[in-house]
Amino acid sequence: MPGKIFALVVGIQRYKDSSHNLHGPERDMRYIFRLLQNQYQVPRDHIIPLLDQGATYQAITQAFETLVGKVGPGDTVIFFYSGHGGRWKTAPEFEHLSGDGYDETIVCYDSRSGDVPDLADKELAWYFGQLTQAGASIVGIFDCCHSGGLVRHSAKGKVKMVAGIDEPRSLDSYKGEWNPEEELDLPVRNALVISAANRLQLAREYGREDKGAENLNRGVLTLALQEALEENQDLSYSELFTRIRLTTLSYNLDQTPQLDLLGDFNPQQIFITHEPTSSPTYFDVAYEIGGRRRKDSGWKLGLGIASGLPPGTRGTIDILSEAGEVITQAELMRVGLTHTDLKIEDPEALRQGEVYRGNIEQIPLDPYIVPVVGAKEAVEALLSHWEGHPYPLVTLAAQELPGAKYQLKAQPDGWEWWLQTRRELLKQGQYEELLPVLKSMRDWEGLAEAEAPVGRRRGRLLYQIRVLNGSKGHEYVTQSSVSAPTAPERKDQKYQVFLKNRSGRNLYWYCLAMAPDFQIIPLSQDLLPRGGE
């Protein structure tokens, strides 16, 4: 039975430094406060609301400490924040935990005045860890930007930026208990976090004039969450996140909300109430024989980086028979391009040559949403066919989505696949040809957007593409230590890809040809040992 619900709800619209003021956080914060009280009957004394000058660094951290003393096993803590986010150079002791050497922060009312810092992701993780150690689960909702400095756009076109701080913090300035003699870690056992945008995008404010004055200048994430819950309050976290993504696309903004799971949080539970649902997601589990390198043989899950599974993902899955009976469990090991290596708890329970089902309900998946347009009868026929051949990594939505990259146009006897951003027809076909096309597209886009954590830290990976100029030697076309460079389109030239691993650990590298028709052609892959090139 679900336990008690507690909440810390923070909105900062008016800052001590008035040049940082925003338009929407007060409305966002008051909406979440009313939602918890009125829709989910959370007692008033279980909610800590902090607004503007009440949301100082000291007040927020004290509120977390209060909650740590109140929660117990089975309880849920909701942390909601609407305001500015920022970046601050991390303490040297935390560098191994920071992808690019900076803390991602929320900017408190009095942050950056005197010696008051931002509230860093390390500090949030510390408090989340204390709450989960007490037996609670955490739901974090961040309507702010978390990287590259925070930028929020108002509906009036006003742009606000909180610049990053390049002077590193000292370890003793962080809230929490940190021992520099030990390897610092941030264990959080049971948490789900919904963020307003990915780390390279802006978090925005947006207005819906058709929804009344109270919905002008709202945080995009909070407004999308509100619209989803007004339509259906009994959504699982996964379903709610898909609705948020869909609504954000309808706003036609360059903003992609993110979902992250930490520990054993189950995203198939109903939002807030944590009532169970019965909507598991299955992918094939089979034993595969490696090619030249026999050591690559083993049990694998048919899900990888191309499917939106982040590199480094860890977790445990149930392995089931075709009849739906749990046979054993497996731990996720190395996430590859299209498959993930598994460590089977009871290998004797499985037979090579058989295909099993892996229940991945506790692994975050990134839904790719495609709008379907056309005559009503044609759209209904296409969606009816899709329901009989579901693919959990693609969601078809029967509505116009201006922010979507692609669009399906339903025809009386088939479909047309359009690159919406360029109004370019890519493919057309019959119903039975749609599933493999969407699978190929999802994998293609997943690989195009994939980013390994090691690539975020400058200096850890040297990556060059060189043009071979015969007697003139090598000409460096591009050099990047953050993401993969793209070769110029000179078909008469030959190129050389150069890698040097400076990360201090072994890495896997892949070289792929990404064709415009969504074909993915593996060219080579191998282990790149630390220090190797």
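Reading guide: rules and limits
Residues numbered from 1 in each chain as written. Predicted model: local features only at pLDDT ≥ 70, side-chain atom pairs only at ≥ 80, totals over all residues. Heavy atoms only, no water. Helix = DSSP H or I, 4+ residues; strand = E, 2+ residues; numbered from the N terminus. Buried < 20%, exposed > 50% of the residue type's maximum accessible area, 1.4 Å probe, protein only. Areas by Shrake-Rupley, 256 points an atom, 1.4 Å probe, with all protein chains shown as cover. 1 Å grid on protein atoms, 1.4 Å probe; cavity = no way out; pocket = protein on both sides within 12 Å on 5 of 7 lines; lining within 4 Å. Points joined across faces, edges and corners; volume = space filled by probe spheres on them. Nonpolar A, V, L, I, M, F, W, Y, C, P; charged D, E, K, R; others polar. Expected span 1.5 Å × (residues − 1). Contact = heavy atoms within 4.5 Å.

Undergrad: Go over the overall build of the protein with me, naming the residues and quoting the values.
TA: Within the protein one finds seven helices and 29 strands. Relative to its 533 residues, the protein shows a buried fraction of 49%. Accessible area of the protein: about 25,700 Å², with a carbon and sulfur share of 46%.

Undergrad: Mind laying out the layout of surface pockets, listing which residues take part and the relevant values?
TA: Here the second largest pocket is characterised by a volume of approximately 1,200 Å³. Together, 39 residues line the second largest pocket, and Thr281, Tyr391, Pro392, Leu393 and Val394 are the ones closest to its centre. No other element matches the six residues that helix H5 (residues 237-250) contributes to the lining of the second largest pocket. Of the residues contributing to the lining of the second largest pocket, the split by class is 22 nonpolar, ten polar and seven charged.

Undergrad: Kindly report on helix H3 (residues 121-133), identifying the contributing residues and their values.
TA: For H3, spanning 13 residues, the distance from its first C-alpha to its last is 18 Å, which sits close to the expected 18 Å at 1.5 Å a residue. The element H3 is largely enclosed, with a buried count of ten among its 13 residues. Buried within H3 we find Lys122, Glu123, Leu124, Ala125, Trp126, Tyr127, Phe128, Gly129, Leu131 and Thr132. Here the buried face of H3 lies against helix H2 (57-68), strand S3 (76-82), strand S5 (102-106), strand S6 (119-120), strand S7 (137-143) and strand S10 (190-195). Positive backbone phi, at 105 degrees, marks glycine 135, one or two positions downstream of H3.

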